[in-house]
Amino acid sequence: MRSIAAALSILLLLSACGAVRDSRFNPFNWFGGAEERRVAVVVEQAPADPRPLVAEVRNLAVERIPGGAIIRAMGLPPTQGYWDAELVRITPEGTAGTLVYEFRVFPPPTPARRSTERSREVVVGRYVSDQDLAGIRSITVIGAQNRRIVRR
């Protein structure tokens, strides 16, 4: 009788896991999939950062780790050879609850081949602490042709 009661208890507990999987209590659901917005981005380049924006932001993900998260973005420049990529935090007015980054990268010093998309991909990451994420509802990464947004 005890084994039947224990088995039923375990089954009830496991059936509740499906609801937790899709809930906001699950830390893996804190940021959803990225959505893309195609816009004409006009950004004044600061003299302190001579790197241009990457042509297109192809992928954006937020991966939870102890003490914070890693924002990982993949960009696609027009040719091979782009280097020194970084997500540069900007603070536009009226963006309470939002982190906004520009995906900046140096072009190759000499003309380079176009080749395949896979050979041109540039991946960059940035650590953000739990304190910086407090109150944040969305994260945006801006490229020259588009921007990608993830939301909680």
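For every chain, the first residue of the written sequence is number 1, and numbering continues from 1 onward in sequence order. Only residues with pLDDT of 70 or above have their local features reported here, since the model is predicted, and side-chain atom pairs are shown and tallied only from 80 upward, although totals for entire chains, interfaces and linings are computed over all residues. To obtain the side-chain values, all non-hydrogen atoms of the structure were included, while hydrogens and water were left out.

*Asks:* Before we move on, could you go through the overall build of the chain and cite the residues and values that matter?
*Replies:* Each helix is a run of H or I in the DSSP string that is no shorter than four residues. Each strand is a run of E no shorter than two, and both are numbered from the N terminus. Scanning the chain for helices and strands turns up three helices and eight strands. Along the chain direction, N to C, the helices and strands of the chain fall in the order α-β-β-β-β-β-α-β-α-β-β. Any two residues whose heavy atoms approach within 4.5 Å at even a single point are treated as in contact. In the chain, the share of contacts with a sequence separation of at least 24, taken over all contacts with a separation of at least 6, comes to 69%. Looking at the chain as shown, the accessible area adds up to about 9,500 Å², and 57% of this sits on carbon and sulfur atoms. Only the protein chains shown count as cover for residues, and all accessible areas are computed by the Shrake-Rupley method using a 1.4 Å probe.

*Asks:* I'd like a description of the nonpolar core, backed by residues and values.
*Replies:* Within this scheme, the nonpolar core is defined by two criteria: the residues are buried Ala, Val, Leu, Ile, Met, Phe, Trp, Tyr or Cys, and they are joined through side-chain atoms within 4.5 Å. Think of it in three bands: with a 1.4 Å probe and only protein chains considered, a residue is buried below 20% of the maximum accessible area for its type, exposed above 50%, and partly exposed in between. Formed by 20 residues in total, the largest nonpolar core has its most connected members in Ile71, Leu87, Tyr101, Phe103, Ile139 and Val141. Those elements that provide at least two residues to this core are strand E2 (56-65), strand E3 (68-76), strand E5 (98-106), strand E6 (122-129) and strand E7 (138-142). Here this core gets four residues from one element, more than from any other, and that element is E5.

*Asks:* Please set out the pattern of salt bridges residue by residue, giving values where relevant.
*Replies:* Any carboxyl oxygen of Asp or Glu within 4 Å of a side-chain nitrogen of Lys or Arg constitutes a salt bridge here. Applying the stated criterion across every chain, the model contains eight salt bridges. For Arg58, the salt bridge goes to Glu56, with nearest N and O atoms at 3.2 Å. On the basis of relative accessibility, which here comes to 29%, the residue Arg58 falls in the partly exposed class. Note on Glu56: relative accessible area 11%, which makes it buried. In this structure, the salt-bridge partner of Arg58 is Glu117, at a minimum N-O distance of 3.0 Å.

*Asks:* Can you explain unusual backbone geometry? Please cite residues and give values.
*Replies:* In the Ramachandran plot, Asp84 falls in the positive-phi region, its phi being about 55 degrees despite a non-glycine side chain. Tracing the backbone shows Asp84 in strand E4 (residues 83-90). Here the phi dihedral of Ser115 falls at roughly 55 degrees; this positive angle occurs in a residue that is not glycine. Within the secondary structure layout, Ser115 lies in the loop between E5 and helix H2 (117-120). A relative accessible area of 34% places Ser115 in the partly exposed class.

*Asks:* Go over the environment of Ala144, please, and point to the residues and values.
*Replies:* Tracing the backbone shows Ala144 in the loop between E7 and strand E8 (146-151). According to the relative accessible area criterion, Ala144 is partly exposed, its value standing at 35%. Ala144 sits 92 residues away from Pro52 along the chain, and the two C-alpha atoms are 8.3 Å apart.

*Asks:* Now, about the sheet that holds E3: what can you tell me, with residues and values included?
*Replies:* For two strands to pair, DSSP has to find at least two bridges joining them. Within the open sheet, the three strands sit side by side as E2-E3-E6. Their pairing is antiparallel. Sheet topology places E2 and E6 at the edges, where each strand pairs with a single neighbour. With direction set aside, neighbouring strand axes in the sheet form an average angle of 20 degrees. Helix axes are fitted to C-alpha atoms over the stretch in contact, other axes to C-alpha atoms as well, and angles between N-to-C directions run from 0 to 180 degrees.

*Asks:* So what about the side chain of Asn146? Which residues, and what values?
*Replies:* The topology assignment puts Asn146 in strand E8. A polar side-chain atom of Asn146 sits 2.9 Å from the main-chain amide nitrogen of Val57. Any pair of nitrogen or oxygen atoms within 3.5 Å is treated as a polar contact; in protein, a donor-acceptor pairing is required on top of that, and neighbouring residues in sequence qualify only through side-chain atoms on both sides.

Note that every value here comes from positions in space, so none of it alone points to a role or purpose.
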